[in-house]
Amino acid sequence: MDALHNMMAEQGSMWLAAGGLLLGLAFGAVVFRTNYCAMGSLADIHNFGDYRRFRAWILAAAVALVGAQLLQRTGVVALERSMYLGASINWFGDIVGGLIFGFGMVFAGGCPSRNLARAGSGDIRALITLVVVGIVAYMTIGGLFAPVRARLEQATSLTPFRTQTQSIADIASAATGFGTAQIGALLTVLIAGAATVYCLGDARFRKSPIHLFSGLAVGLIVVAGWALTGLTFDDMAVKPVPPISLTFVRPAGDTLEWLERYTAGPLPGFGASTVIGAIVGAFATALAMGRFQVATYSDVGDTVRNLSGAALMGIGGVMAMGCTVGQAITGVSTLALGSFLAFASIVAGGFYGLRVLERQILAAA
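Nothing here was measured: the structure is a model prediction, and the numbers come from that model. (Residues numbered from 1 in each chain as written. Predicted model: local features only at pLDDT ≥ 70, side-chain atom pairs only at ≥ 80, totals over all residues. Heavy atoms only, no water.)

What's the story with the overall build of the protein chain in this structure? I'm lost.
Regarding its fold elements, the protein chain presents 17 helices and zero strands. Compactness check: the protein chain gives a C-alpha radius of gyration of 20 Å against a globular reference of 21 Å for 365 residues, within 12% of the reference. Expressed along its principal axes, the backbone C-alpha trace of the protein chain runs to roughly 60 × 50 × 45 Å. The buried share of the protein chain, reckoned over its 365 residues, is 52%. Within the protein chain, contacts between residues at least 6 apart in sequence are counted, and of these 79% link residues at least 24 apart. Here the protein chain displays about 16000 Å² of accessible surface, and carbon together with sulfur accounts for 66% of that area. (Helix = DSSP H or I, 4+ residues; strand = E, 2+ residues; numbered from the N terminus. Rg over C-alpha atoms; globule rule 2.2 N^0.38 Å. Buried < 20%, exposed > 50% of the residue type's maximum accessible area, 1.4 Å probe, protein only. Contact = heavy atoms within 4.5 Å. Areas by Shrake-Rupley, 256 points an atom, 1.4 Å probe, with all protein chains shown as cover.)

See the structure below:
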């Protein structure tokens, strides 16, 4: 393993760009082919009482959790180096940011991952949504909205558990006295086991190969992302790139920056590579299925809804440090307490957004 790590770390930028592109290609193809969609799963529940796509989302998180924890135990990735496992808990960002993001994704027709697939299939609305998400995300990270966000984060961040990370394994270990590794393994089994029972306990889900496949595939792609960024991590580099896996809010902005500054750095980073790959993967799949079709806004109301939803996702996604993939799957796989808070908040915000949108549609009818 050390030899592989050293070989990949020496050419880390190349591996991250190429590997990110391949993972993005796979992700875009899977999302388009299976109609995997976190926001769509909430709409299915709200409108039809159909939980299959939601169970696919939960299954993806369970697969990613087991895979990431196994990679941690075998020394492939040091999850504690990731952005999710800081000692401080930004509860305001996780909860309020998650609510804002969940609300916004309803009006934008889906979260960034779904809009990547839609953009690849010819939907101009989705492409513009991604551009707006990227711009507003950068404005929230270090631009016009950054001072307010930073003050809120500083005022509300807590370090209540006196542990090195906010991993629920570390917190439970400090509370019980048992080893973190043992507690982590137990929590992984309990959480992933409960999620699997929830998913496979439903006969409709068990009998739906496409939903089973989408959950497994998305989860495994996230695991592959952890493996890639874990093996290329170089703590001796001038600017070490922390391990990460799929997430699409900040990377939407990173992609715009790379397109604008290509000559300053010909190789895109991991995040930008996954964004580009997802669009290309969805494009190729749409062509192969005969479903590529250019689409645009239907009217002024459609335009306003999509753009406002995109802006909310950019703000909320930065505050919550991720999206329906970046926090609800990638973050959860690290056992970060904040990721579970953000996941629940995104779901709550999404359901509220669906109710508001339904009222608006009925009022306009």
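Moving on from the model shown.
Help me understand the side chain of arginine 114 in this model?
Positionally, arginine 114 belongs in helix H6 (residues 112-120). Excluding residues that lie within four positions of it along the chain, arginine 114 makes contacts with Val31, Phe32, Asn35, Tyr36, Cys37 and Gly109.

What is the right way to look at the packing of helix H3 (residues 38-48) against helix H4 (residues 52-73) in this model?
Any two packed helices are characterised by the angle at which their axes cross and by the distance between the axes. Contact geometry of H3 with H4 gives a least axis separation of 7 Å together with a crossing angle of 140 degrees. The angle between the axes of H3 and H4 places the two elements in the oblique class. Crossing hand, H3 versus H4: left-handed. Contacts between H3 and H4 involve Ala38, Gly40, Ser41, Leu42, Asp44 and Ile45 from the former and Arg53, Phe54 and Trp57 from the latter. The residue inventory of the contact of H3 with H4, partitioned by class, reads five nonpolar, two polar and two charged. (Axes fitted to C-alpha atoms, helices over the stretch in contact; angles between N-to-C directions. Parallel < 35°, antiparallel > 145°, perpendicular 65-115°, else oblique. Left-handed = near helix turned anticlockwise from the far one by under 90°. Nonpolar A, V, L, I, M, F, W, Y, C, P; charged D, E, K, R; others polar.)

Please explain the packing of aromatic side chains as it appears in this structure.
Two descriptors summarise a pair of aromatic rings, namely the distance from one centre to the other and the angle between the planes of the rings. All told, the structure shown has nine aromatic pairs when counted by the stated rule. Ring centres of tryptophan 57 and phenylalanine 343 lie 4.8 Å apart, and the angle between their planes is 45 degrees; this geometry places the pair in the tilted category. Of this pair, tryptophan 57 sits in helix H4 while phenylalanine 343 sits in helix H17 (residues 337-364), placing them 286 residues apart in sequence. The same class applies to tryptophan 57 as to phenylalanine 343, namely buried. (Phe/Tyr/Trp six-rings, centres within 6.5 Å; stacked < 30°, edge-to-face > 60°.)

Whenever I open this one, unusual backbone geometry confuses me. Can you help?
Note: most peptide bonds trans; most residues except glycine with negative phi. Residue arginine 162 is not a glycine yet carries a positive backbone phi of 55 degrees. Within the secondary structure, arginine 162 is located in the loop between helix H8 (146-156) and helix H9 (168-176).

Could you clarify how one ought to interpret H4 in this entry?
An α-helical segment advances 3.6 residues per turn. Residues three or four places apart therefore align on the same side. Its 22 residues place the ends of H4 32 Å apart at the C-alpha level, agreeing with the 32 Å of an ideal helix rising 1.5 Å per residue. With 17 of 22 residues buried, H4 lies mostly within the body of the structure. Of the residues flanking the end of H4, it is glycine 75, one or two places downstream, whose phi is positive at about 80 degrees. (Expected span 1.5 Å × (residues − 1).)

Could you clarify how one ought to interpret the packing of helix H5 (residues 91-107) against H17 in this entry?
At their nearest, the axes of H5 and H17 sit 6 Å apart, and the two run at 40 degrees to each other. The angle between H5 and H17 falls in the class oblique. Considering the relative orientation of H5 and H17, their crossing is right-handed. Of the residues assigned to the contact of H5 with H17, the class counts are 15 nonpolar, eight polar and one charged.

Sorry, what's going on with the pattern of salt bridges here?
Any two side chains of opposite charge can pair, on the condition that their charged atoms come close. In this structure the tally under the stated criterion is ten salt bridges. Two residues, aspartate 123 and arginine 125, come together in a salt bridge whose shortest N-O distance is 2.8 Å. The partner of arginine 149 in a salt bridge is glutamate 153, with the nearest N and O atoms 3.0 Å apart. Of this pair, arginine 149 and glutamate 153 are both found in helix H8, four residues apart, which corresponds to roughly one turn of the helix. Looking at glutamate 153, the relative accessible area reads 31%, which means it is partly exposed. Among the ionic contacts, a cluster of salt bridges with common partners joins Arg118, Asp123, Arg125, Asp302 and Arg305. (Salt bridge = Lys/Arg side-chain N within 4 Å of Asp/Glu carboxyl O.)

Can you walk me through the state of the cysteines in this structure?
Covalently bonding the sulfur atom of one cysteine to the sulfur atom of another cysteine gives a disulfide. Overall, the coordinates contain zero disulfides when judged by the stated rule. In this model cysteine 111 remains outside any disulfide bridge; the closest cysteine sulfur is found in cysteine 37, 5.7 Å from its own. For cysteine 111, a relative accessible area of 1% corresponds to the buried category. We note that cysteine 323 lacks a disulfide partner, and the nearest cysteine sulfur, in cysteine 111, lies 6.2 Å from it. (Disulfide = S-S within 2.5 Å.)

How should the nonpolar core be read in this particular structure?
Most often, soluble globular proteins have nonpolar side chains that are buried together. Ranked by internal contacts, the top residues of the largest apolar core, which has 90 residues, are Phe27, Trp57 and Ile329. Looking at which element gives the most residues to this core, the answer is H4, with 13 residues. Ignoring anything within four residues of it in the chain, the contact list for phenylalanine 27 reads Ser113, Val218, Ile221, Leu246, Phe248, Ala278 and Val325. (Core = buried A, V, L, I, M, F, W, Y, C linked by side-chain atoms within 4.5 Å.)

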